[in-house]
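For reference, the chains in residue letters:
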Amino acid sequence: MEVCYQLPVLPLDRPVPKHVLGRRGAICLTSSPILFGGPAPRQLSKRRGAISYDSSDQTALYIRMLGMSASHPRTDAVRSEAEQPVRSVLSFQKNLHSSHYSRNHTHATHHTLDQEYIGQAKCLLRKVGSWSFDIFLFDRLSNGKSLVDLTLHLFIDYGLIKLFRLDLLKLRQFLVMVHEAYRRQNPYHNALHAADVTQAMYCYMQEPQLSESLTSCDILLGLLAAATHDLDHPGVNQTFLIKTNHYLASLYQNASVLENHHWKCAVSLLRESGLLSHFPSEDRQNLEERLGSLILATDISRQNEYLSQFRAHLDRADLHLNNSQNRHFILQMALKCADICNPCRPWHISKLWSHKVTDEFFSQGGGESWFCGPPG
Ligand SMILES: Nc1ncnc2c1ncn2[C@@H]1O[C@@H]2COP(=O)(O)O[C@H]2[C@H]1O
Ligand SMILES: [Zn+2]
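Nothing here was measured: the structure is a model prediction, and the numbers come from that model.

Asks: Can you help me understand the overall build of the protein chain in this one?
Replies: Check the secondary structure of the protein chain and you find 20 helices and 4 strands. Taken over 376 residues, the protein chain has a buried fraction of 32%. For the protein chain, contacts bridging at least 24 residues in sequence account for 77% of all contacts bridging at least 6.

This is the structure in structure tokens:
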């Protein structure tokens, strides 16, 4: 207990609901600043569970993490919490469940501190079909797992689980695996971008003409492709991989190197999760092929090919949505649009994406070290 009063402290800007105060987990709630410098408080030193709080408090001013060393550096994430109060409780959930996304962990959200935030996330999902949907806010409210929660919600909303007799547990585990296979250190090509693309894809698929003609299979594919289209993205582009003789470039002979990799990752996660293991093998194979064709269409270096094809179709007026090949082509175009739609979002959202993508460009160029010259 001797380290309690040295632990990191975060301000909490809002009343803590009774049901949270009544829970014993891994944090300490108090409004008494005397804790931070004075002697170790009685409540803390006597606590049995991992939550301690002053039971008379309805408006805690501070939350401190227990079990972190006093010299633990404040991470950027924690620092930004102070700037964005809504995150303060969410960050604890992250720490409470450091292995939050472990594959065995299926019911974590039911036992976490921030039920209230889960409620807000659910509330926000009512606007999931809106172009101004704030994926950054949703990500905070869903504790950084927007891709999992949003995609799961859309699967349920479309009734895909019943239609394809999907196992809900396997589906969730698959989505968690997808989430984990995105590299969180990438400023742009990470799970949040995949969630954003999935939400945009949903908006396009909700367009009246499309929603009337898409089959359940098209919708399943559209969502799967959007969620997995950048899996395991290394944060650098194809040219970089080719010029640095990366093994992926030679594996895919310098053609759609990243997109092939994303597709193969998606297929391996699908197989590993067993999500579609009850499908006849022919259907499964067909679905994997179509998934590849959608993901490969996001190769920006082949943009002109797709645009000329699209223009030719429009000139001939021969795109018919009752034709499955035509529908597939439209899905390709939709995914391509979804992938680069961030500049068309409301400005406050679009600006954040621009910063993220330029951060990633900057890192590819060597980041700050580039300016410092060669080491030594
Ligand atoms: N807001 C943006 N500003 C500039 N470039 C972007 C922006 N968003 C996406 N891109 C680029 O568009 C590319 C689309 O394909 P990639 O995902 O390979 O990489 C993406 C980025 O390089
Ligand atoms: Zn992308």
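Asks: Help me understand the UniProt feature "active site" (unreviewed entry) in the protein chain, please; the structure alone is not making it clear to me.
Replies: Per the UniProt annotation, the sites labelled "active site" (unreviewed entry) are His189. Positionally, His189 belongs in the loop between α9 (168–181) and α10 (191–205). On the basis of neighbour count, His189 is assigned to the buried category, with 23 C-beta atoms found within 10 Å. Residue contacts for His189: discarding those within four places in its chain leaves Asp230, His233, Gly235 and Glu360.

Asks: Sorry if this is basic, but what is going on with the packing of α9 against helix α15 (residues 257–273) here?
Replies: Two quantities define a packed helix pair, namely the angle between the helix axes and the distance between the axes. Here α9 crosses α15 at 145 degrees, and the two axes come no closer than 9 Å. Of the two possible hands of crossing, α9 and α15 adopt the one that is right-handed. Counting all contacts with α9, which are made through Lys170, Gln173, Phe174, Met177, Val178 and Ala181, the residues of α15 involved are Cys265, Leu269, Leu270, Glu272 and Ser273. Looking at the contact of α9 with α15 residue by residue, the class counts come to 7 nonpolar, 2 polar and 2 charged.

Criteria and cut-off values
- Residues numbered from 1 in each chain as written.
- Chains lettered and ligands numbered in written order.
- Predicted model: local features only at pLDDT ≥ 70, side-chain atom pairs only at ≥ 80, totals over all residues.
- Helix = DSSP H or I, 4+ residues; strand = E, 2+ residues; numbered from the N terminus.
- Buried ≥ 20, exposed ≤ 12 C-beta atoms within 10 Å, placed from the backbone.
- Contact = placed C-beta atoms within 7 Å.
- UniProt positions renumbered as here; feature names shortened; annotations may be inferred.
- Axes fitted to C-alpha atoms, helices over the stretch in contact; angles between N-to-C directions.
- Left-handed = near helix turned anticlockwise from the far one by under 90°.
- Nonpolar A, V, L, I, M, F, W, Y, C, P; charged D, E, K, R; others polar.

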